[in-house]
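Understanding the architecture of this molecule
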Amino acid sequence: MKTESGLPTLGATRGACGVGALIDLNGRKTHQLVEDGLRILCNIDHRGARGAEEKTGDGAGMLLQKPHEFFHAEIPTLGDFDSYGVGQLYVPKDQWKQIALKKLIATVCREAACRLIHWREVPTDNSDLGRTALLSEPAVRQMFIEPIDPLTPEQLDTRLYVLRRLIEKAVQQSEICGRELFYVCSLDRRKIVYKGLLTCKQLQLYYPDLSNSRIKSSIVLVHSRFGTNTLGAWELAHPYRTVVHNGEINTLRGNLNRMRTREAVLASEKFGDDIEMLKPITGDAQSDTAVFDNVLELLLESGRGLPHALRMLIPEAWNKDKQMDAKRRAFYDYFSTIIEPWDGPALIAATDGYRVAAILDRNGLRPCRYCLTRSNIVIMASETGVLDTPANEIVFQSRLKPGEMFLADTLERRIVPEQEIFEELTTHNFSGWLNENRVRLNEIVKPGAEVEEVGDVTPYQRASGYTLESLRCLVQPMAEEGKDPIGSMGNDTPLAVLSTRHKQLFQYFLQLFAQVSNPPLDYLREDLVTSLESHIGRQRNLLEETPEHCRQLFLESPILTYRELETIKHFERFRSCVIDGTFAKGTSLGTAIADLRKAAVDAIKHGCEILIVSDRKIGPDRVGVPNLLAVGALHHHLIRSGLRTRAALVLEAAQPCAVHHICTLIGYGADAIYPWLAYQSIVQMGRENWLSAEVGETLSKFKKGLEGGILKVMSKMGISTLESYKGAQGFQAVGLDPDFVREYFTGTSAYLNGVGLDEVERELLEQHELAFGNKIVGNLPLDAGGDLYWRRDGELHQWNPATVGQLQYAVRTGNYEAYREFANYLNNQDQRLQTIRGLLDFDIDEHDSIPISEVEAVEEIWKRFSTGSMSHGALSTEAHEALAIAMNRIGGKAGTGEGGEQIERFGTERECSMKQVASGRFGVTINYLVHARQIEIKMAQGAKPGEGGELPGPKVSEEIASVRFTTPGVGLISPPPHHVIYSIEDLAQLIHDLKCANPAAEIHVKLVSEAGVGTIAAGVAKARADAVLIAGDSGGTGAAIKTSIKSAGAPWELGLAETQQVLLANNLRSRIRVRADGGLKTGRDVVIAALLGAEEYGFGTAPLVALGCIMLRKCHCNTCSVGIATQDPKLRAKFGGKPGHLVNYMRFVAHEVRELMAELGFRTMDEMIGRVDKLRQREISHPKSGQIDISQLLYQQPSHDVPRKIRDQNHKLEDKLDHLLIELAAPAIQRGEPVMIEVPIKNSDRTAGTMLSSVIAKKYGPNGLPPDTIQIGFTGSAGQSFGAFLARGISLHLEGAANDYVGKGLSGGRITVDTPKDAAYVASQNIIVGNVVLYGATSGEAYFNGMAGERFAVRNSGAMAVVEGVGDHGCEYMTGGVVVILGKTGKNFGAGMSGGEVFIFDEDKGFRNRLNPTMVRIDEFKEDRDLELVQRMLANHVIYTNSSKAKRILDRWKEHIPKFLKVIPAAYAEVVERQLAQGKDVRVAPPAPAERRKVA
Amino acid sequence: MADDHPNGFLKFARKPIPYRDPAVRIGDYTEVYAKDWDEGQLREQGTRCMDCGVPTCMGGCPIGNIIPDFNDLVSRGNWLGALARLHATNNFPEFTGYTCPAPCEPACVLAYNNDPVTIKSIERAIVDRGWAEGWITPEPPSSRTGKRVAIVGSGPAGLAAAQQLNRTGHEVTVFERDDEIGGLMVYGIPDFKFGKYQVARRVDQLQREGVLFRTGANVGVNIPFQELRDEFDAVCLAIGAQLPREVPVPGRQLKGIYWAMEYLTKENRRQSGKKVDAMIDAHGKNVVVLGGGDTGADCVATAHRQAAKQVVQISINLRGSDERPVDNPWPEWPMIYRETYAIEEGGVEEFNVNLTGFVDSDNDGAVDQLVFDRVEWTYEKKDGRMVRTAMKVREEGLTIPAEVVLVAIGFQGAESAPFANTGIEVTARSTIKTDHNMMTNLPGVFAAGDASRGQSIVVWAIGEGRDVAHCIDTYLMGSSRLPASLRTRNPPIGKL
C-alpha cells in the first residue's frame, strides 16, 4: 500500500489468515455443506482480524459451486448448468455509474461472442458493518452470460476467462467514474465467490443468499483474512477465483517480472490469437494471492490439471531429497527449467469446481488439518475441531505435511493419493528429456588452470571501488575461512547517499528481510529445503512441455570459476556471446548503457542463449559500467522487450567481492557471476604473503564463503531456492533518484530521492582517474575504507575517538557542558552528514518558544527512555545489572534481551522491567513472564534482522546455563524465526498467549525498520499488541555477519515515519504505542523521533559507552577488554561502569530534550508526538545530499485518528475459559487444596490454562504448587496454545485433539491428551496435537496418545514428553529434557539439537535416514538409567492416556528394547560423561510414577 | 584477518624494544636503545593489537599512522606490507620510531585499563627491517610537472614537504643555513638519541629521487628572499621555531648560562668531528638544566656523558601525578609524571620551582648558584591544555649550586628576522601567519612546521610538511592527489 504521498511501502498488502474447506466426496450438493462452511468460518474467526473498529473485518468469504438450482428459481429463463456462466461483481453504488458500466460490459460481451442475459442485484444487508467497511462498500451484482455459438463446457470456460480479462481491461481503460471500485469476484461456469470486507459472522448476514436453502454445493472454500491494512480493501478478501491462501509469497517481485517476460512467448492452442487479449496475465498493484491466482488460472485454463499446475508453482523440496521417487524428481527437475518456485509460507486450497487440491509450502510453514467423516465429507482447515464432529464419526484424521499435496475429487468420489497423482503427471519421460537436452556444467568443464595469470590488480581494484578494508576485512577472511566474517556493535556510518566518499552502487541497496508476515529460514539447520542450483539459458512457452524446454545449462552454484566461465564461453551446444560492459572514456554512461542494451538485444535476436557481460576491458581508456547498473539496466530492458527468457545473463564482473554485492546482482537478475577481480585479488594477496593458505584453496574457500552468504541472505527473506531469489529484488533503494530506480531497478521501493545517473557517472569517472592516472609513490594503493572499523581518513563513524572519550568524560564527571560538546558534534552535521535526521531542522517559531521552566521535568521525560534489549550472555552480569539498576532508578525500562534473567534479580533493583521473548525462548518461564512490566516479542534485531544467533559453548558459563536452563559449555542456537510465528495471525496468537500469561504486562513487538515495516506495524496493532518498536538498522550489540550489519534494514527515521503514516491512515495509531531505537544518542535525536511519531525511545550503544564500552567491536570474541561483552571472569573484573554514569547520561539527554522543547514551545512530550509539521528539510551543501528530497518523510498523513496512544487494546480476555478455571480452582489457589475440574473445550478456546498459571506463578513463584494440585479434564478439540506456560501443580487432561503450540513454554505443569474411546480412527496413526508442540518448554511433562505435527519439542530445555510419532524437524534446537517417540519421525530430526535425550522406537528401522546427524549421534539403548527412565515414562503414558501402543511395548519390554534408539547430542554427551565421572548426573531425573486419574 | 588475534593481549604482556642498560650507555654516544630486537617478540607484540573497532591510536597519532594494519601485518610476518602502510602516512618512520613520545600508545584502547600495544617499537622494527632488507630505495616520480618549489629549512617538516612535492613531479630545492641537511634532527637531537646516519641515508634517498639540497644557504642573509620568489613557483618556509624563550630574572647576563640548543648543537658537532667554537663542557661541573621537557632531558643526558659533577633538572611545573587526572581522560595524552631516559641515567629533578635569580657569589662573572622559590600553582584547562593561573609561594630563597646553566624552557617562535623586511606577517606568538591553505600573506609563499605552528615534536613537523606539500601542489596544479596529514576531517584526539 502507499499512503497518499508519504513513504512507499513494499508490496500491496500482507495478509494471512484462516482457511477452511468442505468437500462432499460423494458429490452431493447440499445446503448443509454451505451452512457448515459458514460455521467453520465463525470458528476460525480468531485467525482473522479487525480493522480500526470491531465491526470492520479484514475480509471473509466463501467459494462454492454455482448454485444452479437457486439461480434457476430466480431466473427461469436460464439454460442448463453447463450453458452459462455467472459473474459476481463489485460495482459502484451510483445508479448512473452502474448503467455506464453495464453498457460497456454488454458491448464487450458482444465482441466476445457472448450474450449478457441477465443482471441480478445481489441482496446485501450492511446494517452490521463498521465505518471503514461502509465507507468503501460497493454494490454487488451478478451477471449471467451465455455464449452466442454453442460451446462445450470447457470451451465456455475458456471463453469466460477471456471475457473476464476483456471486461477488466475495458473498464480500466474506460472513463467511467468509479471504475476503480469495479472488481470481478468470479466469472465462471462452475463456481462463484461471495466475499467482502467483513467479519466471519457478517458474511452470512451480509449475503442473505447464503442462507437460502436452495444454495447448495458439494464444495465450499472459506477464508477469514488477517490483513495488515483494511482501508477499502473489499477485493482483498478471499477466496479469489480459484484459491484461498494462508501465507505469503515472498518471491513475488521476481515471479511477477518473469511472468511479464514469459508473456512474450506464451502460446496455446486453446486460446489461439485470444492469448493476446489475456495479457497482461497479472499486474503489479495486486496482492500476492491475486497474482498467484491469476497465474494458476492461466495454467488451468490452458489445459493443465489442478495438481499439475500447483506442483509447477509450488514444488516440494526435491533438490536434496535422495529418498524421493526418481520419476517425481524428474518431474520437478524438468519443470524447474520452465518456471521458478513461488516460495513462502503457504497453505493454498484451490478448486476447479470439481476437485479441491490443497498444498503446503516446502517448509510446512502453515498449518493444515483435515479429517474424513463416515458420511464421506472432508473437513479441512487451518485448525482441527472447526466443525463439531463426534469422534465416532471421524474415520481418518491427518495433517498436510511440508510440501505435500492433497486432492479430493467429487467426480471420482475419493481422496486421490499423491503417488497416484504423480503417476498421471509423469507420463512424459522427463528424465529422458533431461538426459538428452539438459547439460550439467560440472560434467563439461574442461581441465586446465584454475587460476588465470594475474598482473598488478591494484588499478583495477581502485577503479572498481575496492578498499584496503574490503580486502582485509571481507575478502581475506572469506578466502581463509570460507565464511562471511562476523562483527559486532552495529553500524554508525552514514548512508551511501549521505557520505562524502565514493560509494559503490551496491551500497545504495539495503536488504529486505522477513518479519512477522513470513518467517526467515534456518539455512544451516534446515538446509534440505534450500538450493543454489539453477538452470540457465533460454526458457520457452510456459503453456507447453517439450523436450526442448529443458535444453538448458545446469549450474550447481551461481558463482563461477575461471574454468567454468571459459567452458561456457567456448561450449558449442549453447550459443554464448560476450558483450562488452565497458565504455570508452569520453562517452557518457547513459550512452554506454544504451549501447549495452542494444548489443544484448542484437545478440539475442541472433540466437544468443547465454549473454556474458564482461568488464574485462577496463583499463586506462575504458571505464566499467557499474556491474549492478549493467545488470538492472539489461534485465529490465529485456523484460520490457519480452526477451529476458531467451537468454541467460552471466557476468564477468570486477566489482563484486562481497556477499552483498553478489546478492544484489542476483537479486536484480544475474544468472551467474564470475567475480574475476575478486579472484585475482586473492591471488595477488597470496603472492604478497597476506594469506595463510594455498591459492587454490583460498579461491574455493572464497567461493564457498560467497555461497554460504547468499544462502543466508536468501533465508533472511524466507526464500529457499536461488531460482526464486533470482530477480526477486529483495532490496529497498535508499538515496537514489526515483527515475533512475524506475528505469534500471523497476519495482524497487525507493526512499530519500537522491543520486541519479549523473552522480553515479561522476563518481565512476573520478575513481577511474584515481586508478589509472599517474601513480604517486607512497600514497595508499587503495582507499582505506573504514566502513566497518574506524579509520582516521576513512568513512565517518559517529562513534570515534573524539565522541567515545568525550561521552565517558561527561558522564563520569557529571559535566553537562562536556555532554553538550559530545551532542553538538553529533547534532550539528553541516560539515559531517551522518544520519537522515541530519537532513532535518526544526521549524522553530520564536513566538511559540517558552521558558524552560514551563517544560515538564527531566523526571517525566526520562520515564520514556529505555535501554536496548541486550542479553545477559552477550553482556556480562555486571554490565547487564548496571543497565537495569540505572533504568530502574529513573523509572525507565531496561530489557533483559533474549537470555532470560537470574531469578535472584526478580523484585530487586537489578531486575529488568522489560522481559524479552525471542526465538530461543531462553529462560522464558511463567515465573519470568509474570515478573515483567513489559514483555517484548523480538521479531528481528537491528544488526541482523532475519537471522538467529549462536552463543558458543565457551560463553555458556555455569551462570548463563542455569538462567537459560541449559548445560554449561554446550553452545546454544537461537533460531532465525520464532517457530510459532510464521505469519501475522501467529503473532496475534503469541501476543494473546503472553497477555494471558501476564494480563498486567504491556506486550510490545520489536520490528526492524525496512520498506514495508509500516504495514507490518499496522498488522501488529491489529494483532492487539500494546506497543510496537521500530528499531533502526544501526544499533546492535549482538554479533552478526558484517554483511548484515552493513546491508540489512533501514534507519529508524524511515521506518518510524512510515509506521506513523500507515497507522494514521488505517486509524490504528491511537491504540498502540510506538517506540523507536537504533542509534539514538542525543536529546535532539529524541525530539526528532518524537516529532516523527515515537512516544518512547530506546538507547543501546550509548548507554554501553556511558558504562565504559570503547567500541572495540569484539563482542563476538568474548575478549571485551573492558568487561562488558564477555563472560571471562578476568575481563569482567575490569568492568568499571557505574549505574550513576548511565543516570547522568539519561539526565543529560532529557535535559537537552527540554531545551529543545522550550524552543519549540512544547510543555509536555505528549504535545510533541507526531508533530511532523515542526520539521523541515535543512539546507545542506554536500556533494550528494544537496539533491536529496525528504518530503516523503515529512508527509502529514490526514487521519481521523490521534497521533499517539490514547486508548487500550481490547485483548479479548473477558470471555476466556480460564476465568471459569480460576474460579473453580479457588481452593487450590488460596489454600493449596487439590481440586478436580471437568469442562468441555472447543477450538476457539485458545491458550487454556495460561491465565490460571499466571495466577499460580504470581502467588507461588517459580516452584508453583505440588504436582496435580489442580487437575482439569477437558473434552473436545482444544484451541491453539493449549497449556501454554503451564505452571507446576496444574495437570491438564484432554480427551479429543488439540491444535498447534500445545505446551508452548511449559513451565512445570503436565499435559496429557488421549483419544476418545469411541474414536473411529487408530490412535497411534492419528494427529492428536498440531505443530510446534512444547516449543521452548522448560520443565514439566506431556503425554500424547497419537502423533504430533512438525517441529515437536523444538527448543525444549527441560520437559519430558511421550508421543507416538512426530513430523519434520522434531526436537530441533533442543537443549534439554527427554522425549520418547513411539512411532515415525519426519525428516531432519534433531537438527541443531545441543542437549537433552530422545528415545525413538524405531520399528521400521527407517529412522537413521530421517536424522540430521550434524550435532547428534545415535547410541544404543542399553544403559540401566535409560531403560528405567523410558519404562517409567511409558508406564505413565499408559496410565495417563491408555495408549495401546505403549501398552504393547511394555507388555513385551525385553523384546522391544533393541528396537529403541537413543539420540543424544555429541557435545552434550561429553559434558554428561565428564560430570558423571565427577559423580554428578546433570540429566533429567525420571518423572514421578503416575497415578490413575480421578474424575471429578 | 579481522579476528585473528582478538585475544593476543590476554596471551602476551607488553614488551617493548628496551633501552640499553643506563650504566653502560651513559658512557658512550651511541643510541640509547637496544640495537637489536627479536622478530618473534615483535610479532607477538603485534598480536596484542586486537584490530578494534575504533582504533583510538590512530586518533592519538597526529599524522594518522594506520597502526592496526601494520600491527597485523607484522604479526603475520609481512614486513614489506607493513612498511608500505607505514610509509603511506609517514615519510620518515625512523624519525618517529626512535624519537617520538608516541601519543598513539596512551590512546591505544588497551591503555584504557591495561598496557598499550608497543606501537612505537613496532614502528621502529618495521623501518629498521626496511633499511636492513634494502627495501627503502629512491623512487623518483615518473614524470615532471616543470614547476619549481623552494623549501627553506631542512628539518623534518622541510624534508617531508620536499619528498612529497618531488613525488608529484615538482622540482624541489631545499635551502639549509647550516652545513648539514636535517635541521634539528641533525644538530638538535643528540647522537645517542638519534644516530646521524639515519638522517644521512634519508637525505641520500631524497637526493637520488631528485631533490636538490643547498647547505650554507641562509635565506635572507646570504641569499635574498626575493631571489627565491623570482626563481621558484612556490616557496615554503620551514625554518623552525628556534628563537629561545628568555629567562627574565636577575643575573641572566652572567657567564655560564647557555641556551640548550647551543649546548646540544656544539656537542653534536663535536661528535661528528666538526670544528666547534667555544665548546661548552660540563665535565666536573654542577649543571642545572632549566626546563622539564625533552630538550631539557637531552641536556641532562649530554651533561652526564660529559661527566658533569652533578646534574639537576628543574621544572616550574608541578610534578605530574602517577595516575591520570580526572579531567584528563583517556584517550587524551595523559598529563602524568614520566621518568625520562636521562633521569634514569642519573641526576636530580626538582619541581614547582620558580627561579628568582642567578648568583655569582665569587664575582667571577660566571654563575655559580641559582636562587628559587618553591611554589604551588593553580591550573585551569583551556582549549584542551593545562594553563597555570595563580601561584602561591611555599618556601622562599632556596639555592642550588650551578656552574653551568642550560636554558631549555622552550622557544618563542620562528627566527623570522631575516624576513623582517619582506612584508611577511607574523603572529603575536612570533610564528609565521598562514591561512587555511598554509599560505602566508605573500602569494606563493607558504610556511609549515614549527615556523608556523610553533614549537612541537617531530611527528607534527612531518605532518606539517606533508600538509604543506598538499597545499602547494593544490596551489600549483589546481588540485592535489597528495594526502592531507594533520588537516583532515578527523583532527587528532583532544579536539571535537
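Refer to the preceding data block for the structure.
Here the structure is a predicted model, which means the values were calculated and not measured.

Moving on, we come to the overall build of chain B. Helix and strand counts for chain B come out as 18 helices and 15 strands. In summary, chain B has a C-alpha radius of gyration of 23 Å against a globular reference of 23 Å for 496 residues, a match within 12%. Expressed along its principal axes, the backbone C-alpha trace of chain B runs to roughly 65 × 60 × 45 Å. Considering chain B as a whole, with its 496 residues, one finds that 59% of them fall into the buried category.

Now for the sheet that holds strand β33 (residues 914-917) of chain A. Residues and elements named next belong to chain A. Strand order in this open sheet of eight strands is β32-β31-β41-β40-β38-β37-β34-β33, and the pairing throughout is parallel. One side of each edge strand has no neighbouring strand; the edge strands of this open sheet are β32 (893-894) and β33. With five bridges joining them, strand β37 (residues 1002-1008) and strand β38 (residues 1027-1031) adopt parallel strand pairing. Bridge pairing links V1005 to V1028 in β38. In this fold helix α32 (residues 984-997) packs onto β33, β34 (934-938) and β37, with an angle of close to 145° to the strand it touches most, β37.

All names here are of chain A. The terminal C-alpha atoms of helix α29 (residues 877-890), which comprises 14 residues, lie 20 Å apart, in line with the 20 Å expected from a rise of 1.5 Å per residue. With eleven of 14 residues buried, α29 lies mostly within the body of the structure. Among the residues of α29, T877, A879, H880, E881, A882, L883, A884, I885, A886, M887 and I890 are the ones counted as buried. Each element contacted by the buried residues of α29 is listed here: β31 (865-867), β32, α31 (958-964), α37 (1101-1106), α38 (1129-1132) and α39 (1139-1160).

If you look at the interface, chain A gives 59 residues, while chain B gives 58 residues. Buried area between chain A and chain B, both sides added, is near 4,800 Å², and the carbon and sulfur share of it is 55%. The partner of D51 of chain B in a salt bridge is R791 of chain A, and the shortest N-O contact between them spans 3.6 Å. Run the count over chain A and chain B and you get 23 residue pairs in polar contact (both at pLDDT 80 or more). Every element with two or more residues in the side of chain A that touches chain B is listed here: α16 (468-481), α26 (801-813) and α27 (816-827) of chain A.

Our focus in this paragraph is the packing of α29 of chain A against α39 of chain A. All names here are of chain A. Taken N-terminus to C-terminus, the directions of α29 and α39 make an angle of 50°; their axes are 8 Å apart at the nearest point. With respect to α39, the element α29 is oriented oblique. Handedness of the α29/α39 crossing: right-handed. Here A882, L883, I885, A886, M887, R889 and I890 of α29 lie close against α39, whose contacting residues are P1139, L1142, V1143 and M1146. When its residues are assigned to classes, the contact of α29 with α39 shows ten nonpolar, no polar and one charged.

What follows is about the side chain of T422 of chain B. All names here are of chain B. Assignment of secondary structure puts T422 in the loop between β14 (411-413) and β15 (445-447). A polar contact of 2.6 Å, which involves the side chain of T422, links it to the backbone oxygen of F419. Residues in contact with T422, not counting those within four places in the same chain, are F225 and L442.

Residue and element names in this part refer to chain A. Spatial strand order, β22-β24-β26-β27: four strands in an open sheet with parallel pairing. The sheet is open, and its two edges are formed by β22 (576-580) and β27 (672-674), each paired on a single side. Going across the sheet, the axis of each strand differs from the next one's by a mean of 25°, ignoring polarity. With five bridges joining them, strand β24 (residues 610-614) and strand β26 (residues 648-652) adopt parallel strand pairing. Of the residues in β26, the one forming a bridge with I610 is A648. Strand contacts of helix α17 (residues 562-570): β22, β24, β26 and β27, with the helix running at about 125° to β24, the strand carrying the most contacts.

A few words now on the pairing of strand β7 (residues 191-196) of chain A. Residue and element names in this part refer to chain A. For β7, the buried fraction is high: six of the six residues fall into the buried class. Every second residue of β7 is oriented toward a common face, with K191, V193 and K195 on one face and I192, Y194 and G196 on the other, all of them buried. Sheet topology note: the strand β2 (residues 60-65)/β7 ladder contains six bridges and is antiparallel. For M62, the partnering residue across the bridge sits in β7 and is Y194.

This part is about the packing of aromatic side chains. Overall, the coordinates contain 65 aromatic pairs over all chains when judged by the stated rule. On the numbers, 5.4 Å between centres and 70° between planes, the contact of F446 of chain B with Y475 of chain B is edge-to-face. Placement of F446 of chain B in strand β15 and of Y475 of chain B in helix α18 (residues 458-477) is noted, with a sequence separation of 29 residues between them. Classification of Y475 of chain B as partly exposed rests on a relative accessible area of 39%. Three or more aromatic residues joined by ring pairs form one cluster here, namely W799, Y816, Y819, F822, F865, Y1097, F1099, Y1145 and F1148 of chain A. Its end group placed over the ring of F554 of chain A, R438 of chain A keeps NZ or CZ at 5.3 Å from the ring centre. Its end group placed over the ring of F922 of chain A, R964 of chain A keeps NZ or CZ at 5.0 Å from the ring centre.

All names here are of chain A. Per the counting criterion, the structure on display carries 156 salt bridges over all chains. Its salt-bridge partner being E452, residue R616 comes within 2.5 Å of it at the nearest N-O pair. Of this pair, R616 sits in the loop between β24 and β25 (622-624) while E452 sits in the loop between α14 (441-444) and α15 (458-463), and the two are 164 residues apart along the sequence. On the accessibility criterion, E452 (11% relative accessible area) is buried. As a salt-bridge pair, R1178 and D841 come within 3.9 Å of each other at their nearest N and O atoms. Placement of R1178 in the loop between β42 (1175-1177) and α41 (1217-1224) and of D841 in strand β30 (residues 840-842) is noted, with a sequence separation of 337 residues between them. According to the relative accessible area criterion, D841 is partly exposed, its value standing at 21%. Taken together, the shared-partner salt bridges connect D82, D157, D188, R189, R190, K191 and E301 into one network.

Next up on the list: helix α25 (residues 757-772) of chain A. Residue and element names in this part refer to chain A. With 16 residues, α25 extends 22 Å between its outermost C-alpha atoms, agreeing within 8% with the 22 Å of an ideal straight helix rising 1.5 Å per residue. Among the residues of α25, E759, V760, E761, E763, L764, Q767, H768 and A771 are the ones counted as buried. Buried residues in α25 make contact with α15, β23 (582-584), α18 (589-605), β25, α24 (738-744) and β29 (749-755).

For the rest of this paragraph, the subject is the pairing of strand β7 (residues 286-290) of chain B. Residues and elements named next belong to chain B. The buried fraction of β7 amounts to five of the five residues, a majority that puts the element mostly inside the structure. Inspection of the sheet shows β7 paired to strand β8 (residues 310-314) by five bridges, in the parallel sense. If you follow V288 over to β8, its bridge partner there is V312. Read as a crossover between parallel neighbours, the route from β7 over helix α15 (residues 294-305) to β8 is right-handed.

Procedures and definitions
- Residues numbered from 1 in each chain as written.
- Chains lettered and ligands numbered in written order.
- Predicted model: local features only at pLDDT ≥ 70, side-chain atom pairs only at ≥ 80, totals over all residues.
- Heavy atoms only, no water.
- Helix = DSSP H or I, 4+ residues; strand = E, 2+ residues; numbered from the N terminus.
- Rg over C-alpha atoms; globule rule 2.2 N^0.38 Å.
- Buried < 20%, exposed > 50% of the residue type's maximum accessible area, 1.4 Å probe, protein only.
- Pairing = 2+ DSSP bridges.
- Contact = heavy atoms within 4.5 Å.
- Axes fitted to C-alpha atoms, helices over the stretch in contact; angles between N-to-C directions.
- Expected span 1.5 Å × (residues − 1).
- Buried area = accessible area lost by both parts, 1.4 Å probe.
- Salt bridge = Lys/Arg side-chain N within 4 Å of Asp/Glu carboxyl O.
- Polar contact = N/O pair within 3.5 Å; in protein donor to acceptor, adjacent residues only side chain to side chain.
- Parallel < 35°, antiparallel > 145°, perpendicular 65-115°, else oblique.
- Left-handed = near helix turned anticlockwise from the far one by under 90°.
- Nonpolar A, V, L, I, M, F, W, Y, C, P; charged D, E, K, R; others polar.
- Phe/Tyr/Trp six-rings, centres within 6.5 Å; stacked < 30°, edge-to-face > 60°.
- Lys NZ or Arg CZ within 6 Å of the ring centre and 35° of its normal.
- Right-handed = clockwise from strand over helix to strand, strands pointing away.

Honestly, that's just the spatial picture; any functional story needs more than this.
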